[in-house]
There are 2 protein chains.
Amino acid sequence: MTRKHLVILQPSGRRGLVDEGVSLRAAARELGVEIESICAENATCGKCMVLVEEGRFEKDNLHSKREHLSPVSEDEKAYFARRPKLLQDRGWEVGQVRLSCQACVLGDVLINVPEESRGNKQIVRKSATQREIEIKPSIRKYYVEMEPPTLAHPHADWERLAQGIEAAMSLVRRGEENLPKAADLSIDYTVLRTLAQTLRDGEWKVTVTVWQDREVLRVQTGYHEDSFGAAVDIGSTTVALYLCDLRTGEVVAAESEMNPQIVYGEDVMSRIQYSIEHGDGLEKMHKAVIATLNKLIKQAIRHCEEGRRPDEAIPSQQEIASSRYRAPRTASPLGNDVTSDDIFEMLLVGNTTMHHLLLNLPPTALGHAPYVPSIHKAVNIKARELGLQINAAGNIHVLPTIASFIGADTSGVLIAEEPHKQDENWLIIDVGTNAELVLGNRERLVCTSTPTGPALEGAHIEYGMRAAPGAIERVEIDESTLEPRYKVIGEEAWNSGRVKGICGSAIIDVVAEMFRAQILDGRGRFRKGVQSERVRDGGNGQEYVIAWAAETSIGRDIVLTLKDIRQIQLAKAALYVAARTLLNQMKLERPDKLILAGGFGSYIDKTRAMLIGLIPDLPLEDVYAVGNAAGDGARIALLNLEKRREAAEVARSVQRFELPTDPEFQNQFMLALNFPHMTEPFTHVAHLIPHHQVDPMAEKLMKK
Amino acid sequence: MTRKHLVILQPSGRRGLVDEGVSLRAAARELGVEIESICAENATCGKCMVLVEEGRFEKDNLHSKREHLSPVSEDEKAYFARRPKLLQDRGWEVGQVRLSCQACVLGDVLINVPEESRGNKQIVRKSATQREIEIKPSIRKYYVEMEPPTLAHPHADWERLAQGIEAAMSLVRRGEENLPKAADLSIDYTVLRTLAQTLRDGEWKVTVTVWQDREVLRVQTGYHEDSFGAAVDIGSTTVALYLCDLRTGEVVAAESEMNPQIVYGEDVMSRIQYSIEHGDGLEKMHKAVIATLNKLIKQAIRHCEEGRRPDEAIPSQQEIASSRYRAPRTASPLGNDVTSDDIFEMLLVGNTTMHHLLLNLPPTALGHAPYVPSIHKAVNIKARELGLQINAAGNIHVLPTIASFIGADTSGVLIAEEPHKQDENWLIIDVGTNAELVLGNRERLVCTSTPTGPALEGAHIEYGMRAAPGAIERVEIDESTLEPRYKVIGEEAWNSGRVKGICGSAIIDVVAEMFRAQILDGRGRFRKGVQSERVRDGGNGQEYVIAWAAETSIGRDIVLTLKDIRQIQLAKAALYVAARTLLNQMKLERPDKLILAGGFGSYIDKTRAMLIGLIPDLPLEDVYAVGNAAGDGARIALLNLEKRREAAEVARSVQRFELPTDPEFQNQFMLALNFPHMTEPFTHVAHLIPHHQVDPMAEKLMKK
């Protein structure tokens, strides 16, 4: 039997076992990643270049990269020998860079497919929604004209400038109270160092950039208006950066990348563990995310230069229906000449572990009881202290954390959704690998978190994949024939396109549809005696065939296995009991509204999610998917200084509850594994399954 | 004729022309610097090692160091080959380090004589005076015990600590108003990074160091009391550092070094010029002074470890007489285990050029009209931003500058002497290569500055040298025999010891005594027909022999030349017109008190200085020498936070005047070259020269 090796492809995160001896390019295709080639794999076009990365896997240790690939062939050597400049420009060495049509897999490898070699671009699902944000900037620019110094008036440069700023401020902001005086202002040390030259070069006419009416971050000769900021959402899996025009709030570029820390562990717990087990683990993961942020900044700047539009946000039906959302602003003409010096602030959110790794704080105490972060309150740090390549004097602001597993991302969600300003009780669920839940109103807010595993994002599912071309995103099953219809990302028509796998939204669909079509029973078991060639024993248990091999680009049947179904059951039970815990705390039967935050919430089918009990049973019109609310919160706090103060207050006031671990809770959890959950009336989508009856075993449990 | 080459010896600053071919050790001895040797110059003891430095001289460019010395001899090679570890430990290379008994001078060279090779140690004249300082610290320590976090109370580490600090503060400082709340406190980012570990290592019992009731600079496990700060006076020639115990104010170590920037120019103007002419000039001078400060910090720490007393301050008669000075505190037992992490603040003063070079601010605009500094107000910068090796989170505070040539040193003098709190009018003169003058009282203060040249410090004087063993420090001349008596530093008796040169205080003495003994006339010319073998033509004009070759260690007659006398005349005329300008501004005939600041002021003979018109004509009891008042001001501001605010206010209120350049002023200057000055009554020391009569030529000028 042929040996198999693990191949992981960055930045997509696609991974899988491939046969020993296949070329990297073939392996990548098999895993759903297209790599360019126009020379028919003759080692002459160079379009298929990939980088062999080093890294460590959670379970499998990756040894020397060279042993795990065939040696560099003569053809490859010849190709690279003809292009010394290409290697030199990028700082690559032969062996680190390979032609993927030539290099063959001999062991486990981690491969990076550079942008230029990718056959199809990934769809960025985390894209800033367009929402109305009142702009109350922390960054303001003032044009200042000064009298040049004379022997009679030889005041120092800074004092002269500060006087000028005071005058300009009181002119521009006439009527505002508490405007700062010259003596209240300070100047960043690095800016002071070049001040004398700048004032003289500008012949005493300059534009100053002032942060929080307090500190001068930049002095430029002449008149300038541009100022930019970056809102960043550091997810465990994806890092998304929105470059914003601080005057208009407009997103001028949206960039995202895989979180590079994924090679040190897929979820937060394994990254915490990695930092505990490796002396340099924290430093490595910190540097990795800083490098990625710097890369995203560079990309965003380049895209602005190219005048490219950011990836368009696709508003969901719910977003459009909700009165809380406005139509996108008319974008101003792009093609701005943005430089890193024009970016004065970066506002970041992320879960508490991402927060700690970003700030190089040891996450050790986050990983075990009593689960304590190093800091709750928001952090302001000079960009140069963190090595982030915006303006060196610029400010890095990270929103407050609430608890070990309720991070700055939740602070972002809170100021974006504002449950603390509502009379109604809202339940907000932000679903990722971990789910954070907040419940309450203007009187009181409670929160908790629960691990849901990566299944809802399409990971750890046999044919799961991220939302990308070739992924099935919607599935329906005919009740009588048990035949599926599916929709593939990038295809207009149903049941068309070459299928590579199924992404999160479709996984929910399949499970719900299998339940509705009575392929599965209420406990998630395959019913006996179902007559369909789609239902079969796959060797490792029963499975349902969604697409036949002939319909795919991978040449294998794409199925949902019993194991996959268990993953979904575990995730939805975890979500359910977390929500129930909070509702009990607030003495509520159900919330008035349900807000689904996170990219995931935008793509799932609400009805089907409710059908399997993944989300609480509510009138459908009270369920809102708001997209990446954490990222929106970052953008809001970037543009509105008051919202940072609000974040601090809300984060401080929200009460956190640990999920209980007593037997009663275990019982609840067991019940919640069923479709739908078994402990409550089930009304709002019950009509979809008229034949539904509670499993007698579950009923028995419920009655205890 | 033998060729001569310039040899400069660091850190003493001794310099001079020596014959080509002499050994470095012989050259050093000739220039008054003893280098150890116990092997009779056989290249075996290694005691005479010196370092060949690179550098640039104001006028002579120094070429490659190797061409200017004989090649490394076989004996030297053999010596170093036997001691690889010695070189390795210090990072020296053969060729850079030489045995000074072997290396012969073949061109101009700059040599550093390491401490261990020095035959006699330099006396540090700039030593902190002991004065009563009210301690109002910017640095406070608090011992904090916390409840460990639990699942029920899992607050973050920082919030837990901040609560603890608030509690500890309100306990320790009961009754004080405006104590900060936990939410007002912040923590240095680098300290936050290790906070989680420290709290747990300390089992929730820690000592925190808080800066200005605002920011936590350090967290240590357990109970600690020590905190230190450094007060630094950066002179153009000497950098002096006083390491102080911040609890008691005690100076636990006093260190000084030559200012390394001296190789880029002796005075501030030539250093400004160097920075203009060389792209990397500013950077070089900045790095040089930072390196010296770091060296001084290390030395101070080492001396504390060794339990050595700092060099004792020698209080002058005036200091002891003045009621404003108190006896030194009883020193606490030394031998403290100080580490750089225990040093939380460094408070610096220096003239405006030193201020700019320290902060890496371009001094260009300081050097030409209208003479504008980059900043007046005091600067606070994190130690790590400047690369100063105290606690990385510690604060660097530089006192405010007043004008281009009235710097942070004058701010220091002001808060040390407090003229702004007096009813009387005080004239404060701080004499160095440049002199700063402040005049006034609590109603109004005016100030100006004037270059006086280095003559008053013993430089640019034929046999001038710094105050060190072998230097003549006092001279008297018998009126009838014209024979001198002299006192040598390090010798008890008069006319004893091997003479190497004359230092600043003795130079004033000789000129005054030559005038009193009628060797010089009122215009500073050698009188005709004086009968003494001491008075002779030296080839380059007339000169007076102070010590015959046989009395010296350099084997040459030590003389004062006509050229030397002119240097003193220029310096005293400059001082005189500057003082006159201020007195005119204040509409005063003379001040009520004269305060001489600067090390120089402590060592000159007041009577003789008044005799030649170097200082204004006042009752002797109204003249005070206060030593290094700028350094004292630094120490005061280090220990007393309110004094920093006071410095800011005074520096802002003092009015600066440029010295005029009109013909009337030129005339005044010409008259002031005379002994004493010619434009005013001369009363308080006139009895010492009953035979004195005004030069008819000068009288004529005065009557115009």
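In this text, all values refer to a predicted model and were calculated from it rather than measured experimentally.

Broken down by element type, chain A carries 19 helices and 27 strands. Buried positions account for 50% of the 704 residues belonging to chain A. A separation threshold of at least 6 residues defines the contact pool for chain A, and within that pool the share at least 24 residues apart is 69%.

All names here are of chain B. Most of strand S10 (residues 228–234) is tucked away: seven of the seven residues are buried. Because side chains alternate across S10, one face comprises the buried residues Phe228, Ala230, Val232 and Ile234, and the other comprises Gly229, Ala231 and Asp233, equally buried. Sheet topology places S10 next to strand S11 (residues 238–245); seven bridges connect them, and they run antiparallel. If you follow Phe228 over to S11, its bridge partner there is Asp245. Here S10 folds back onto S11 in antiparallel fashion, the turn holding three residues. Pairing of S10 with strand S13 (residues 343–350) involves seven bridges; the strand directions are parallel. Bridge assignment links Phe228 to a residue of S13, and that residue is Ile343.

Now for the interface of chain B and chain A. Between chain B and chain A, the residue contacts involve 34 residues of the former and 34 residues of the latter. For the side of chain B that touches chain A, the secondary structure elements donating two or more residues are helix H4 (157–172) and helix H5 (189–201) of chain B. When residues in the side of chain B that touches chain A are grouped by element, the largest group, six residues, is from H5(B). Within the side of chain B that touches chain A, the residues separate by chemical class into 20 nonpolar, eight polar and six charged.

Per-residue pLDDT for chain A averages 85, and the proportion of residues at 70 or more is 88%. Residue range residues 55–66 of chain A is modelled with pLDDT below 50. Its contacts to residues more than four positions away, or to other chains, number 21 contacts.

Turning next to the sheet that holds strand S22 (residues 535–537) of chain B. Residues and elements named next belong to chain B. Reading across the sheet, the three strands line up as S22-S23-S24 and stay open at both edges, with antiparallel pairing between neighbours. The open sheet has two edge strands, S22 and strand S24 (558–561), and neither has a second partner. The average angle at which neighbouring strand axes cross in this sheet is 40°, direction not considered. Sheet analysis places strand S23 (residues 542–547) next to S24, joined by four bridges and oriented antiparallel.

What follows concerns the relation of the copies chain B and chain A. Taken as rigid bodies, chain B and chain A are interconverted by a rotation of 180° and an axial shift of 0.0 Å, the fit giving an RMSD of 0.1 Å. Such a combination of rotation and displacement between the chain copies is what one expects of a two-fold axis. Every residue of chain B has its C-alpha some distance from the rotation axis, and the shortest such distance is that of B:Glu385, at 4.7 Å. Here 100% of the interface residues in chain B have copies in chain A that are interface residues too; the copies meet face to matching face.

For the rest of this paragraph, the subject is H5(B). All names here are of chain B. Under the 1.5 Å per step criterion, the end-to-end length of H5 is 19 Å for 13 residues, consistent within 8% with the ideal 18 Å. The largest bend in H5 amounts to roughly 50° and is located at Leu195. Those residues of H5 lying buried are Val191, Leu192, Leu195, Ala196 and Leu199. As for H5, its buried residues are in contact with H4, strand S7 (186–187), strand S8 (205–211) and strand S9 (215–221). Immediately downstream of H5, the backbone of Glu203 shows phi near 50°, a positive value.

Our next topic: the environment of A:Gln518. Residues and elements named next belong to chain A. By the secondary structure assignment, Gln518 is in the loop between helix H12 (504–516) and strand S22 (535–537). Residue classification places Gln518 among the partly exposed residues on the basis of 15 C-beta atoms within 10 Å. For Gln518 and Ser480, which are 38 residues apart along the polypeptide, the C-alpha to C-alpha distance reads 9.8 Å.

A separate point is the pairing of strand S15 (residues 395–398) of chain B. All names here are of chain B. Residues Asn395 and His397 line one face of S15 and the alternating positions Ile396 and Val398 line the opposite face, and both faces are buried. Two elements, S13 and S15, share four bridges in a ladder whose sense is parallel. When the bridges of S15 are listed, Glu345 appears paired with Asn395.

With that settled, the discussion passes to the packing of helix H4 (residues 157–172) of chain A against helix H5 (residues 189–201) of chain A. Residues and elements named next belong to chain A. Orientation of H4 relative to H5, taken along the N-to-C sense of each, is 75°, at an axis distance of 10 Å. Considering the angle they form, H4 stands roughly perpendicular to H5. Judged by residue contacts, Asp157, Trp158 and Leu161 of H4 engage Leu192, Leu195, Ala196 and Leu199 from H5. Here the contact of H4 with H5 is composed, by residue class, of six nonpolar, no polar and one charged.

Residues and elements named next belong to chain B. Taken in spatial order, the three strands of this open sheet run S20-S19-S21, and their pairing is mixed. In this open sheet, the two strands that pair with only one neighbour each are strand S20 (484–488) and strand S21 (501–502). Relative to S21, strand S19 (residues 471–477) runs parallel, the two being bridged by two bridges. In the sheet register, Ala471 faces S21, and the bridge partner there is Gly501. Packing of helix H12 (residues 504–516) onto the sheet brings it into contact with S19 and S21, and relative to S19 it is tilted by some 15°.

Here the focus is the packing of helix H6 (residues 268–277) of chain A against helix H7 (residues 281–305) of chain A. Residues and elements named next belong to chain A. Orientation of H6 relative to H7, taken along the N-to-C sense of each, is 130°, at an axis distance of 7 Å. Comparing the axis directions of H6 and H7 gives the class oblique. Residue-level inspection shows Arg271, Tyr274, Ser275 and Glu277 of H6 in contact with H7, the latter providing Gly281, Leu282 and Met285. Of the residues contributing to the contact of H6 with H7, the split by class is three nonpolar, two polar and two charged.

Our next topic: unusual backbone geometry. All names here are of chain A. The omega angle of the peptide bond from Ala369 to Pro370 is 0°, so this bond is cis rather than trans. With respect to the helices and strands, the residue Pro370 is situated in the loop between helix H9 (352–358) and strand S14 (379–382). Although it is not a glycine, Leu482 adopts a positive phi angle of roughly 65°. Mapped onto the elements, Leu482 comes out in the loop between strand S19 (471–477) and strand S20 (484–488). Under the C-beta neighbour-count criterion, Leu482 is labelled partly exposed, with 19 such atoms within 10 Å.

Our next topic: helix H16 (residues 629–639) of chain B. For H16(B), the tally of buried residues reaches eleven of eleven residues, placing the bulk of the element in the interior. Every buried residue belonging to H16(B) is among B:Ala629, B:Ala630, B:Gly631, B:Asp632, B:Gly633, B:Ala634, B:Arg635, B:Ile636, B:Ala637, B:Leu638 and B:Leu639, and all of these are buried.

Looking now at the environment of B:Ala369. Mapped onto the elements of the fold, B:Ala369 is located in the loop between helix H9 (352–358) and strand S14 (379–382). Measuring from C-alpha to C-alpha, the distance between B:Ala369 and B:Ser404 comes to 9.8 Å, with 35 residues separating the pair along the chain.

Before going further, it helps to spend a moment on the environment of A:Thr401. Considering the arrangement of structural elements, one finds A:Thr401 in the loop between strand S15 (395–398) and helix H11 (408–417). On the basis of neighbour counts, which here come to 30 C-beta atoms within 10 Å, the residue A:Thr401 falls in the buried class. Distance from A:Thr401 to A:Arg652, taken between C-alpha atoms, is 9.0 Å for residues 251 residues apart in sequence. Setting aside its immediate chain neighbours within four residues, A:Thr401 contacts A:Thr352, A:His355, A:Pro373, A:His376, A:Gly407, A:Ala408 and B:Ala156.

About the thresholds
- Residues numbered from 1 in each chain as written.
- Chains lettered and ligands numbered in written order.
- Predicted model: local features only at pLDDT ≥ 70, side-chain atom pairs only at ≥ 80, totals over all residues.
- Helix = DSSP H or I, 4+ residues; strand = E, 2+ residues; numbered from the N terminus.
- Buried ≥ 20, exposed ≤ 12 C-beta atoms within 10 Å, placed from the backbone.
- Contact = placed C-beta atoms within 7 Å.
- Pairing = 2+ DSSP bridges.
- Nonpolar A, V, L, I, M, F, W, Y, C, P; charged D, E, K, R; others polar.
- pLDDT = per-residue confidence, 0-100.
- Axes fitted to C-alpha atoms, helices over the stretch in contact; angles between N-to-C directions.
- Least-squares fit on C-alpha atoms with pLDDT ≥ 70 in both.
- Expected span 1.5 Å × (residues − 1).
- Bend = angle between axes of the 7 residues up to and from the residue.
- Parallel < 35°, antiparallel > 145°, perpendicular 65-115°, else oblique.

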